[in-house]
Every structure is written in C-alpha cells, then in structure tokens.
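What follows is each chain in one-letter form.
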Amino acid sequence: MNDSSTKHTFYLLAIAMGLLGIASAVPWSDITGNRIKDFHLLADLVPNPAQVVASASMVVDPELEELMQSVSPDDGGAGTPSGEPAAAAATDSTATDTVAWIAPLTEAPRVDGHVVIESYTGSAPLARFREALAQSGQRLVRVAVVGDSFIEGDIFTQDLRAMLQERYGGCGVGYVNLHSEMPGFRKSIRQSGSGWTMHNILNIGRRDTVRILAGEYAEASADARSDYRGTSQAATTGAWDRSALAVLASDSCTVELINDGGSRSFELAPSPVPQLIELPGHTTHFGVRTGSPSLRALGVYMDGETGISVDCMSSRGSSGLNLRSLNRAMSRTVDYDLVILEFGINALSAEQTEYYAYMHGMIAAVERVKSIFPDADILVMGIADRGAKNGTTVKSLPTCNAMTDAQRKVAQRTGTHFYDTRAAQGGENAVVAWRERHLVNADYIHLNHTGGRVMAEEFMEGLTRSLELSAP
C-alpha cells in the first residue's frame, strides 16, 4: 500500500471517529424525548455494571417526591397493617445485581391464551362499559386513557381507538391539547399553533384549581391559535362530525371556531366552571382562534355523533398521584363510560422492593376518579415490562413484579378492574424479546408506534374476551 492510500485510509478513519465522537456528545434523549437513546462511543468497551437503561422522562413528579420524603426507609413497616413495610416509591435509579428477586404473587388470568381483565367490582368484567357499548348506535361512548409517557404521542391508544371504532362505529381522535412540544410525533392528527402557555398538573401552584383529568391546560395570549387536520393513520382519523373546545373564561371573551364549512364566533360570559362550545359538521379541519388572554383552554374534542371515542391524555413524568387532587367541576366537561389509568413506570426503581406507600397513594387517586365519574368502569392498567442493563446484558428489572402486585391490590381495594400488561407482553424478560422485534425503544421501556399497535391488538383480544364474560 502506498503512502497516499495509507493517508487516505487514516483520514477516513479520523473523520469516522470524529463523527462518532460528535454523535456521543449529542443529547439524543433530550432532543427526541428519549425516543432515541444517548450514544456513547466507549460505553460497551468500559461497561458500568450498575447501569440501568435510562428513563424516558427527566420530569420529576413532585407528589411522588413528597411521598418519598414522607416515608422513612428505616420505618421497617411500623404502623402499617399486617406488618407490610411502608416503602416509598422512587423515580429512576441505578440497578445492581444485588437486588433481591421478587417472585410473581398472582398469575394473570387468561382465556384462549390471552390475558383478560380482572374484575374486583363484585360483578362481571366491565359490565357498565358493555352496557354503554350496546348503546353506541344511539350515542357517543367515551373512553379515557390517562397515563404517562408510555402512551405519549397517542401510542397504543391510536390503534386501540381504530379497532374499537371499526367494531362499534365512531370517528375522530377525541381529546387533543392546545399545544404540543412534539406535534409531529403523533400520527393520528396533524397539530399546529402558537400563542399558548401550557400549564401541567405536575408543576402548577397549589392555589391553581384547574386540575383536570387531562393533566394540563393552555392559557391564551393576545393572539392564540390552534389547528388540527385529519390524517390517514386509520380509516376513522381523516374526518369527524363534531368539533368542540372546552374553555374556562374568567372574563368576557371571544373565541372563533373554524371547520371545513366555515367559522363561527362565540361570545362567552365569565363562568367559574368550564364551558363546552361546539361547531357541528363533517370536517377534516378544526381551528381555534382567540385574542382573549383571560381564556384558559382545557382541550379540544373531535368526535362522531355516535359510536365510540378514545381520548389519549398523557403527562410525561407523572406517577398518577396527582389524580388525588382533581377538581370535580373542572373534570366533568365530558363524561366517560370507561377510564383506563396507565401509570407506575415513574414510580418504579431497582431498590424499591415494596410499594405499599405508593399503593395507598394510588388507592386515593382511583377513588377520586371514581367519585368524579361514578357511572364509568375504572381499569388500572399494570406496568409493562421494563429492562435493566448490567454490563452488556439486559433483563427485566427485578422489582417489576412488586409494582404489578401493588397495582393489582389498588384495583382490589378500590373495587375496580386490573389488566396485567406485563403478563400480556410475555412476562419475565418480555421487554428483551420486544426490543429484538423492534417493538420498544432503546430505553427498554417505551413502545414505538409498531409496538403500540401490537400491544393494542393484545389488549383488544383481552378486552373482547372480558366483555364476552360479562354477557348475559
């Protein structure tokens, strides 16, 4: 090999190493909301034996932090019934291979090989929801899926919605917020806009009473606007029949709503409770315009007149404990027939082998949701499998079983329903197999869009069989 070839090879190698070095320095997880894992050039050469696959959220739930601080790790279970240890829930921390193994305490029930929904209501599974579905030809049946970043971007819910609407009718994507930091990530609606300041239940002040099921609201500036356009993500997401905006007006204000048929201005009087203003008509576009800074927008709804609607309400970083402080009047803008609560990832850690304190916090949260929506079935959706990395090997985080057990007990003690998501994925080390199938992200926690569809298909199988169990 001549000198010029050697130099050429050296330059190419140097450029490649430089590009890899730059890639290592880029905070991919921050830029992409942890959809892409941070890359470190020497990570596999010098592995950290105590490394956990990174959390997908840097947001800290203050109510979870408060709960952690309120329980002493040296309590030893003092003052808790049946000697159960009062262990505080924790955010993401470092896994080690010294964590004691926790065996599954209850095996998820199955029908035809599919995990089905467990009913602790004293009656057949989802009896109220089944009754509502029987009326889907005459009215709109509403489902709320409330959770953390696991369902962010309408992942899982977009495919569940499509399957339910294919079976029971309906159109549109239901609830959407006024502003998104990553509008392109969601495939079921094209969203754009400006002039809104978002307020999340995780960081609003204690005096702020706008604590709603969706977990956030938008405060308008002097020129606020939002636009929503249908997509081809599913057969029912291209158009809808009814467009609505939920608002809270502290002073008189004007709001303009726009759809394919034209526009209409609404003059709103001050009101201490939310107002739902609607613009009927089949449309592929919905727009909101306001120049009233006194207006607080709680969200828009794009639905059919009948059939079923599935609302995706995600709050990145939430443990679910904030549901304990929901404002009843603010949260009853629309009613629900089924509320699915998907939380737990942000309260899961390697060190936490008991979740007694978190369980009781979530019992209060579920009871609050039950009191606000007394006619709805409530379903606690267990955590999915989560991976922990030791060296170059990834396995299930050993404490996943403890969290699943705590969540099942929440359903038991509140008389609601439970779905064992982790068991439906395949149980122990399922997340490793799902990663090999390219169904979860590199954090070994979050579903990608393909994984969301697979999870929704499995959930739908379990839901269908559960509804059959409640048939007369």
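Cut-offs and rules
Residues numbered from 1 in each chain as written. Predicted model: local features only at pLDDT ≥ 70, side-chain atom pairs only at ≥ 80, totals over all residues. Heavy atoms only, no water. Helix = DSSP H or I, 4+ residues; strand = E, 2+ residues; numbered from the N terminus. Buried < 20%, exposed > 50% of the residue type's maximum accessible area, 1.4 Å probe, protein only. Contact = heavy atoms within 4.5 Å. Areas by Shrake-Rupley, 256 points an atom, 1.4 Å probe, with all protein chains shown as cover. Polar contact = N/O pair within 3.5 Å; in protein donor to acceptor, adjacent residues only side chain to side chain. Pairing = 2+ DSSP bridges. Salt bridge = Lys/Arg side-chain N within 4 Å of Asp/Glu carboxyl O. pLDDT = per-residue confidence, 0-100. Patch = residues over 30% accessible without salt bridge, like charges linked within 9 Å, V, L, I, M, F, W, Y side chains within 5 Å. Axes fitted to C-alpha atoms, helices over the stretch in contact; angles between N-to-C directions.

## Regarding the overall build of the protein chain
Scanning the protein chain from terminus to terminus reveals eleven helices and 19 strands. The buried share of the protein chain, taken over its 472 residues, is 56%. If you take every contact in the protein chain between residues at least 6 apart in sequence, the share linking residues at least 24 apart comes to 78%. When the accessible area of the protein chain is evaluated, it comes to approximately 19700 Å², of which 53% is carbon and sulfur surface.

## A short note on the environment of R422
With respect to the secondary-structure elements, R422 resides in helix α9 (residues 421–425). For the pair R422 and R386, spaced 36 residues apart in sequence, the C-alpha to C-alpha distance is 8.8 Å. Other than its neighbours up to four places away in sequence, R422 contacts I383, A384, D385, S396, C400, N401, T404, G427 and E428. A distance of 2.7 Å separates polar atoms of two side chains, one belonging to R422 and the other to N401.

## Things to note about the pairing of strand β17 (residues 387–390)
When β17 meets strand β18 (residues 393–396), the two strands line up antiparallel, connected through four bridges. By the bridge assignment, A388 is partnered in β18 with K395. Hairpin geometry of β17 and β18 is characterised by an intervening segment of two residues between the two adjacent antiparallel strands and by a positive phi of about 70° at G391.

## Some words on the pattern of salt bridges
Summed over all chains, the structure comprises 18 salt bridges. One salt bridge connects D154 with R186, and the closest N-O pair in it is separated by 3.1 Å. Taken together, the residues D154 in the loop between β4 (140–147) and α5 (157–168) and R186 in the loop between β5 (174–176) and β6 (189–200) connect sequence positions 32 residues apart. Under the relative-accessibility criterion, R186 is labelled buried at 14%. Salt bridges sharing common partners tie together D112, E461 and R465.

## Comments concerning the environment of A347
Within the fold, A347 resides in the loop between β15 (338–342) and α7 (356–372). Of the residues examined, A347 reaches a relative accessible area of 0% and is grouped as buried. Residues A347 and Y358, eleven residues apart in the sequence, show an inter-C-alpha distance of 7.7 Å.

## Considerations on the confidence of the model for the protein chain
Caution is warranted with low-pLDDT regions, since their predicted coordinates should not be read in detail. In the predicted model, the protein chain carries a mean pLDDT of 85, and the fraction of residues at 70 or more is 80%. A low-confidence stretch, residues 42–57 stays under pLDDT 50, and its non-local contacts, those more than four residues away or across chains, total 41 contacts. Note that residues 72–105 has pLDDT below 50 and, in this model, 84 contacts with residues that lie over four places away or in other chains.

## Quick notes on a nonpolar patch on the surface
A contiguous nonpolar patch, built from L12, I15 and L19 and spanning about 310 Å² of accessible area, is present on the exposed surface. Here I15 shows up in helix α1 (residues 3–25).

## Structural notes on the sheet that holds strand β3 (residues 118–119)
Read across the open sheet, the six strands follow the order β3-β19-β16-β15-β4-β14; overall the sheet is mixed. The sheet is open, and its two borders are formed by β3 and β14 (307–314), each paired with just one other strand. Of the strand pairs in this sheet, β3 and strand β19 (residues 417–419) are connected by two bridges, and their pairing is antiparallel. When the bridges of β19 are listed, S119 appears paired with H417. Across the face of the sheet, α7 comes into contact with β15 and β16 (377–381) while running at roughly 155° to β16.

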